[in-house]
Amino acid sequence: MEREGFDPDFDDTEWTEGWLHVPIAQVPPGIHTSGYRVERRMIQYSEVFGQPMRSAAPLECRVLFDSQGRLWMSDTPQERIMMYNNGQRSRGSVLVGGLGLGLYPQYAVIGAAGQATRFTVIERSAVVRDIVEPTLSVSLGMPLEVRIGDIVAYLTDTVTRRYDTIFLDIWETLDAAHLPRLNRWRDLALRHLAPGGQVLLWGYRWMVRLFEEACRQLLGVVPQQRHAWLAAHATAAPQAAALLTPILDHFGKA
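The sections below set out a description of the structure shown in this document. As the structure is a prediction and not an experimental result, all values here were calculated from the model. Throughout this document, residue positions are counted from 1 along each chain, in the order its sequence is written. The predicted nature of this model means local features are confined to residues of pLDDT at least 70 and side-chain atom pairs, given and counted, to a pLDDT of 80 or more, with totals for whole chains, interfaces and linings taken over all residues. Here the side-chain values reflect all heavy atoms present in the structure, with hydrogen atoms and water set aside.

1. A closer look at the overall build of the protein
Our working definition: A run of DSSP states H or I qualifies as a helix once it reaches four residues; a run of E qualifies as a strand once it reaches two. Both are numbered from the N-terminal end. Radius of gyration means the value over C-alpha atoms here, while the globule rule gives 2.2 Å times the residue count to the 0.38 power. Only protein chains enter the calculation, and the probe is 1.4 Å; a residue is then buried if its accessible area is under 20% of its type maximum, exposed if over 50%, and partly exposed in between. It only takes one pair of heavy atoms within 4.5 Å for two residues to be counted as in contact. To measure how exposed things are, a 1.4 Å probe is used in the Shrake-Rupley method; for residues, cover is taken only from the protein chains shown. The positive count covers Lys and Arg only, the negative count covers Asp and Glu only, and His and the chain ends enter neither. Charged groups are reduced to one reference atom each: NZ for lysine, CZ for arginine, CG for aspartic acid, CD for glutamic acid.
Counting secondary structure elements, the protein contains eight helices and nine strands. At 20 Å, the protein has a C-alpha radius of gyration in line with the 18 Å of a compact globule built from 254 residues. With respect to the principal axes defined by its C-alpha atoms, the protein has extents near 60 × 45 × 35 Å. Split into buried and exposed, the 254 residues of the protein put 49% on the buried side. Taking contacts inside the protein between residues at least 6 apart in sequence as the whole, the part at least 24 apart equals 71%. Carbon and sulfur atoms form 52% of the exposed surface of the protein, whose accessible area is close to 12700 Å². The average position of the 25 basic charges and that of the 28 acidic charges among the side chains of the protein differ by 2 Å.

2. Digging into the sheet that holds strand 3 (residues 51-65)
Applicable threshold: What makes two strands pair is DSSP finding at least two bridges between them. Between the N-to-C directions of two axes lies an angle of 0 to 180 degrees, each axis being a line fitted to C-alpha atoms and, for a helix, fitted only over the stretch in contact.
The strand order 1-2-3-4 describes an open sheet built from four strands, whose pairing is antiparallel. Both edges of this open sheet fall to strand 1 (30-31) and strand 4 (71-74), since each of them pairs with a single strand only. Taken strand by strand, helix 1 (residues 77-88) contacts strand 2 (37-48), strand 3 and strand 4, and its axis lies near 85 degrees from that of strand 3.

3. Details of the sheet that holds strand 9 (residues 193-201)
With parallel pairing, the five strands of this open sheet are ordered in space as 7-6-5-8-9. The open sheet is flanked by strand 7 (144-148) and strand 9, the only strands paired with a single partner. With strand direction ignored, the average angle separating the axes of adjacent strands in the sheet is 15 degrees. Of the pairings in the sheet, the one linking strand 5 (residues 92-97) to strand 8 (residues 163-168) comprises four bridges and is parallel in character. By the bridge assignment for strand 8, Leu 95 is matched with Ile 166. Across the face of the sheet, helix 5 (residues 179-190) comes into contact with strand 8 and strand 9 while running at roughly 160 degrees to strand 9.

4. Let's talk about the nonpolar core
Here is the rule: Here, nonpolar core means buried Ala, Val, Leu, Ile, Met, Phe, Trp, Tyr and Cys residues that are tied together by side-chain atoms lying within 4.5 Å of each other.
One finds Tyr 104 and Phe 119 to be the most contacted residues of the largest nonpolar core, which totals 66 residues. Tallying contributions element by element places helix 3 (residues 126-140) first for this core, with six residues. Grouped together as the second largest cluster of nonpolar side chains are nine residues, Leu 218, Val 221, Leu 230 and Leu 244 included.

5. Here we look at the pairing of strand 3
Bridging between strand 2 and strand 3 involves 11 bridges; their strand directions are antiparallel. Considered in strand 3, the bridge of Arg 37 is made with Phe 65. Where strand 2 hands over to strand 3, the hairpin turn is made up of two residues, of which Phe 49 adopts a positive phi near 55 degrees. Across three bridges, strand 3 lies against strand 4 in antiparallel orientation. Within strand 4, the position partnered with Phe 65 by the bridge is Leu 71. Linking two consecutive strands that pair antiparallel, namely strand 3 and strand 4, is a turn of five residues; a positive phi of about 85 degrees is found at Gly 69 within it.

6. Observations regarding unusual backbone geometry
Within the chain, Phe 49 stands out as a residue other than glycine whose phi angle is a positive 55 degrees. Relative to the helices and strands, Phe 49 resides in the loop between strand 2 and strand 3.

7. Focus: the packing of aromatic side chains
Threshold: Ring pairs are drawn from Phe, Tyr and Trp, using the six-membered ring of Trp, whenever the two centres fall within 6.5 Å, and their geometry is named by plane angle: stacked under 30 degrees, edge-to-face over 60, tilted for the rest. Sitting over a ring, as applied to charges here, requires NZ of Lys or CZ of Arg to be within 6 Å of the ring centre and within 35 degrees of the ring normal.
A complete count under the given rule lists six aromatic pairs for this structure. Ring centres of Tyr 36 and Trp 72 lie 5.5 Å apart, and the angle between their planes is 50 degrees; on these two criteria the pair is classed as tilted. Placement of Tyr 36 in the loop between strand 1 and strand 2 and of Trp 72 in strand 4 is noted, with a sequence separation of 36 residues between them. Residue Trp 72 is classed as partly exposed on the basis of its relative accessible area, which comes to 24%. Taken together, a centroid distance of 4.1 Å and an interplanar angle of 25 degrees make the contact between Tyr 104 and Phe 167 stacked. Residue Tyr 104 is located in helix 2 (residues 103-111), and its partner Phe 167 is located in strand 8; the two are separated by 63 residues in the primary sequence. Since its relative accessible area comes to 3%, Tyr 104 is described here as buried. Looking at Arg 37, its charged tip hangs above the ring of Phe 65, at a distance of 4.2 Å from the centre.

Pasting the structure below:
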């Protein structure tokens, strides 16, 4: 169901070459005092939305690892396309949940012909802020405020300021099991919108497609075997199974 201020059919995975024509300021490679490190990678072959992609020339990318050596963030082609598409929908005063590597604000300014006018970012990690903010503040050339905090707590709190665009990107994977909490966070964000504003959720339509495909698989099983099918998948993916249980209950055994 569509809510005013949120378009569930907006698909930020739609293919576009627009991102190729937007210059991006990337954080410099190096090791932070915390042990986090940014590496420079030259990528010519990558997977984009499940399909192989070969660039005409190697693309310089950044990869961020945490202090344990685990991959945390990157700015590979798939990520850039999704951020570009969200940037194209952005305008005015923008609230951002999750700083990332600073791609989204740049695409919201340069790629969207300067429709965004100021950014307020709430980022949970002081290390990420230290790594990304210096480069981003110079590249944007407009008001940028990066606060350390919890975006969900901020959205839950009393509304003190309204935004034209709210963009959330605080989940690590594109998994349909995230949808219930994303929908709750979306509803919280809608309270903070100015008239005519909009909420954007990274990868939302992709996750809905995953849910739709899971429903098709479940309903493709003969009715007498659906409970067993769902139980067999519950061990490996309990959250996904819980998401499908209402579908099973709705259709019953008919």
